[in-house]
There are 2 protein chains.
Amino acid sequence: MTGDATGRYAGVRAAVVGTGLIGGSVLLRLADAGLDVAGWDPDPATRERARAAGLVTPDTIEQAVAGRDVVFLGGPLPTLPRTLARVAAATAPGCVLTDVGSTKVDVAEAADRLGLTDRFVPGHPMAGAESAGLTAASTTLLAGAAWVLCPAPAAATHAFRWLTGLLVELFGARVVPMSAPAHDSAAALASHVPHLLAGALAGAVQRAPVRDAVLALAAGSFRDGTRVAGTPAERTANMLLGNRARVLDELAEVSAFLGELAAALRAGDAAALTARYAEAAAARSALLDPRYAGRDREFRTDGDHAAEVSWLRGLGEEGGHLTGCQVDATTVSYTAWCPLAD
Amino acid sequence: MTGDATGRYAGVRAAVVGTGLIGGSVLLRLADAGLDVAGWDPDPATRERARAAGLVTPDTIEQAVAGRDVVFLGGPLPTLPRTLARVAAATAPGCVLTDVGSTKVDVAEAADRLGLTDRFVPGHPMAGAESAGLTAASTTLLAGAAWVLCPAPAAATHAFRWLTGLLVELFGARVVPMSAPAHDSAAALASHVPHLLAGALAGAVQRAPVRDAVLALAAGSFRDGTRVAGTPAERTANMLLGNRARVLDELAEVSAFLGELAAALRAGDAAALTARYAEAAAARSALLDPRYAGRDREFRTDGDHAAEVSWLRGLGEEGGHLTGCQVDATTVSYTAWCPLAD
């Protein structure tokens, strides 16, 4: 990444709780940017490792988050609601809270129950690796990532604006604003179903009598198609269970398309098979060659937060993202990009 | 790659017919190694492009292959039997023929019908790219690739030995010896079913109302899992149709595993889901961290070809490969590697 925090983010005091692959990468980058940042992990060995790397790592979660302006929450998905409650209790009301978990509805509902919607902004940086833990984390893992944030009206809008600016400045993030349910629907197809397919392919090969011959021939398609089958099994299970209904719905859509491909193959229908693959290739082209139009927008800082949030969520649901958020006394200015139609 | 052909392969006269991505990469590497090599493609524009790149490219297929010691056949799978017949008619009986197609039973049967089993060695270098055509070809695409060759008894054993040595020397290939049916079974899981899964995922997203939001969030798992959905649709269709029964059989196995994952997810059974992913991860570990024991073997050149071929096929079916084949007046010496049990 490119350097130190400047302007409104210089001097920010941050903390990261749960310093695995993603949380650890947030921690490393914030430290790299010269912020005063503390990390904490429930695993004493991970805390020792962080200390050995020169990172500030108090013994208790309360020491790590006290007096901070922003706290990032990582760690296993099922632990996030409890961690959120602990961190909220140990921080001031003005401290912005966000998480880096891969599903958003459950944690957003937990924040609602805890009365934290004014300062908790659900988040999900879209990055990962086959590996896990602080030892796999890096200052650059999240550089330039799509980073979902879920804006909500009222006070949470302030937290959203401030956090958006910070992620753009320090991570070069493309901030994708979405409601939590819209995120979980899109993530089902963008990430969770791909994990199911990878698991099924790798699992079937593991059971196949010809396993070793298959592995001997494995080139790009098998290596790529099974990569995320090697991620820690429990993490993957938590992710899928945290978005169960939507994942099963989207899996049904993917299975239906797979059924069409298999039917065309069984029938020896080259034209139908080619047509389905041309359809699939269109998604691939849109992915590889995205084209955007600018859609900058200003709102009054004291204006209608509901209209601002509605515009933001609409942008993300259209596949758009933010690369800037400037706030002055009267105006919030978003630098925004939206995909052009094919 | 590392340099010129030496020893027994210096001075070899080669040809490549069908100079797309794979054939073109063979051609470029052979030229790079200093061999006298000619290319030919049915597409005049491709021939022009090859000439512009300084490659020898006669106007007719007969001119390209006449007087050659070895001819590599590329091009669309359904055209291979006809191309094989044309090339056989235009070359001497001592000219070794091989192909680079992604299925092997059909072309092996065609060679049988044509009476060419003595000098045709079915082949399949396990490499590919999303792109197609000579412009995407490179001298290094096939470097170090697993390269299936299908040995057969009698005179074909001589061709197999000679070609194995050439591929090891000029491409750094790991030559995987298999029967054509064993190749097609293993390739169904190693390559063809992965193409179906990638097509289904990309196709379902293309049809999804939330397509643009999905693409905005797409990170590693979606990019990797759909990569081969972007390969030319007709090439993929030909590959699947060329191995139809085996692909459908193996797809049923993968679908069964997918069904187990979905059932565990539907039931909210974290333990079952984690156990299935642990099973899948074992295949991934075996893929990423292969460990081999040496299994060198010698045969008399005038000995029992059937025993030699049987040993070779057994090696490949166990996931093994060859990295050397030396032949002197009395002895053929294979340098061979076989995976250790987990």
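Parameters at a glance
- Residues numbered from 1 in each chain as written.
- Chains lettered and ligands numbered in written order.
- Predicted model: local features only at pLDDT ≥ 70, side-chain atom pairs only at ≥ 80, totals over all residues.
- Heavy atoms only, no water.
- UniProt positions renumbered as here; feature names shortened; annotations may be inferred.
- Domains from an automatic or database assignment.
- Buried area = accessible area lost by both parts, 1.4 Å probe.
- Salt bridge = Lys/Arg side-chain N within 4 Å of Asp/Glu carboxyl O.
- Polar contact = N/O pair within 3.5 Å; in protein donor to acceptor, adjacent residues only side chain to side chain.
- Nonpolar A, V, L, I, M, F, W, Y, C, P; charged D, E, K, R; others polar.
- Helix = DSSP H or I, 4+ residues; strand = E, 2+ residues; numbered from the N terminus.
- Buried < 20%, exposed > 50% of the residue type's maximum accessible area, 1.4 Å probe, protein only.
- Least-squares fit on C-alpha atoms with pLDDT ≥ 70 in both.
- Expected span 1.5 Å × (residues − 1).
- Bend = angle between axes of the 7 residues up to and from the residue.
- Pairing = 2+ DSSP bridges.
- Right-handed = clockwise from strand over helix to strand, strands pointing away.
- Contact = heavy atoms within 4.5 Å.
- Core = buried A, V, L, I, M, F, W, Y, C linked by side-chain atoms within 4.5 Å.
- Phe/Tyr/Trp six-rings, centres within 6.5 Å; stacked < 30°, edge-to-face > 60°.

Identification of chain A as Prephenate dehydrogenase from Micromonospora cremea is taken from an unreviewed UniProt entry. The record held by UniProt for chain A lists under Sequence similarities (unreviewed entry) the comment "Belongs to the prephenate/arogenate dehydrogenase family."

1. Quick word on the domain arrangement of chain A
Size of an interface: often given as the accessible area lost when the parts come together. All names here are of chain A. Partitioning chain A into domains gives domain 1 (11-143) and domain 2 (184-288). Using only C-alpha atoms to locate each centre, domain 1 and domain 2 end up separated by 31 Å. Across the domain 1 to domain 2 interface the summed buried area is about 980 Å²; carbon plus sulfur atoms make up 55%. At the boundary of domain 1 with domain 2, the tally comes to zero salt bridges. The interface formed by domain 1 and domain 2 includes three residue pairs in polar contact (both at pLDDT 80 or more). For the side of domain 1 that touches domain 2, the per-class residue count stands at seven nonpolar, three polar and three charged.

2. A few points about the pattern of salt bridges
Evaluated as defined, the whole model comprises 30 salt bridges over all chains. Between A:Glu48 and A:Arg51 there is a salt bridge, with its nearest N and O atoms 2.7 Å apart. Here A:Glu48 and its partner A:Arg51 are both found in helix α2 (residues 44-52), three residues apart, which amounts to about one turn of the helix. Among the residues examined, A:Glu48 registers a relative accessible area of 46% and is labelled partly exposed. A salt bridge links A:Arg207 to B:Glu279, with the nearest nitrogen and oxygen atoms 2.6 Å apart.

3. Focus on the relation of the copies chain A and chain B
Taken as rigid bodies, chain A and chain B are interconverted by a rotation of 180 degrees and an axial shift of 0.0 Å, the fit giving an RMSD of 0.0 Å. Each copy turns onto its partner about a two-fold axis.

4. A few points about helix α7 (residues 180-207) of chain B
At 3.6 residues per turn, the α-helix brings residues three or four places apart onto the same side. Residue and element names in this part refer to chain B. Between its first and last C-alpha, α7 extends 38 Å over 28 residues, near the 40 Å set by a 1.5 Å rise per residue. At Ala188, α7 shows its maximal bend, which comes to roughly 55 degrees. Counting buried residues in α7 gives 24 out of 28 residues, a clear majority hidden from the surface. Its side-chain oxygen 3.1 Å from the backbone nitrogen of Ala182, Ser179 forms the N-cap of α7.

5. Some remarks on the pairing of strand β8 (residues 174-177) of chain A
All names here are of chain A. As defined by bridge partners, strand β7 (residues 146-149) adjoins β8 across four bridges and the pair is classed as parallel. For Ala146, the partnering residue across the bridge sits in β8 and is Arg174. Once the chain exits β7 it traverses helix α6 (residues 155-171) before rejoining the sheet at β8, and the crossover so formed is right-handed.

6. As for the side chain of A:Thr157
Residues and elements named next belong to chain A. Here Thr157 shows up in helix α6. A relative accessible area of 1% places Thr157 in the buried class. Leave out the neighbours within four places in its chain, and Thr157 touches Ala152, His305, Glu308 and Val309.

7. What about the pairing of strand β11 (residues 321-327) of chain B?
Side-chain direction in a regular strand flips from residue to residue, so the side chains alternate between the two faces of the sheet. Residue and element names in this part refer to chain B. Note: β11 against strand β12 (residues 331-339), six bridges, orientation antiparallel. Paired with Gly324 across the two strands is Thr335, which belongs to β12. A loop of three residues connects β11 with β12, the two strands running antiparallel in sequence.

8. Focus: the nonpolar core
A:Leu196 and B:Leu196 are the most contacted members of the largest nonpolar core, which has 93 residues in total. When near neighbours in sequence (up to four residues on either side) are disregarded, B:Leu196 contacts A:Leu258, A:Leu261, A:Leu265, A:Tyr277, B:Leu240, B:Val247 and B:Leu251.

9. A look at the environment of A:Pro125
Residue placement: A:Pro125 occurs in strand β6 (residues 123-125). Here the alpha-carbon distance between A:Pro125 and A:Val148, two residues 23 residues apart in the chain, equals 6.0 Å.

10. Considerations on the packing of aromatic side chains
Under the counting rule described, the total for this entry stands at 13 aromatic pairs over all chains. One aromatic cluster is present, formed by A:Phe160, A:Phe299, A:Trp311 and A:Tyr334 through successive ring pairs.

11. As for the interface of chain A and chain B
Contact residues are listed per partner, giving 93 residues for chain A and 93 residues for chain B. Interface of chain A and chain B: buried area, both sides summed, is about 7800 Å²; carbon and sulfur atoms make up 70% of it. Counting the contacts that link chain A with chain B gives six salt bridges. In this structure, the salt-bridge partner of B:Arg227 is A:Asp224, at a minimum N-O distance of 2.4 Å. For the side of chain A that touches chain B, the leading source of residues is helix α7 (residues 180-207) of chain A, giving 20 residues. Residues that form the side of chain A that touches chain B fall into these classes: 57 nonpolar, 16 polar and 20 charged.

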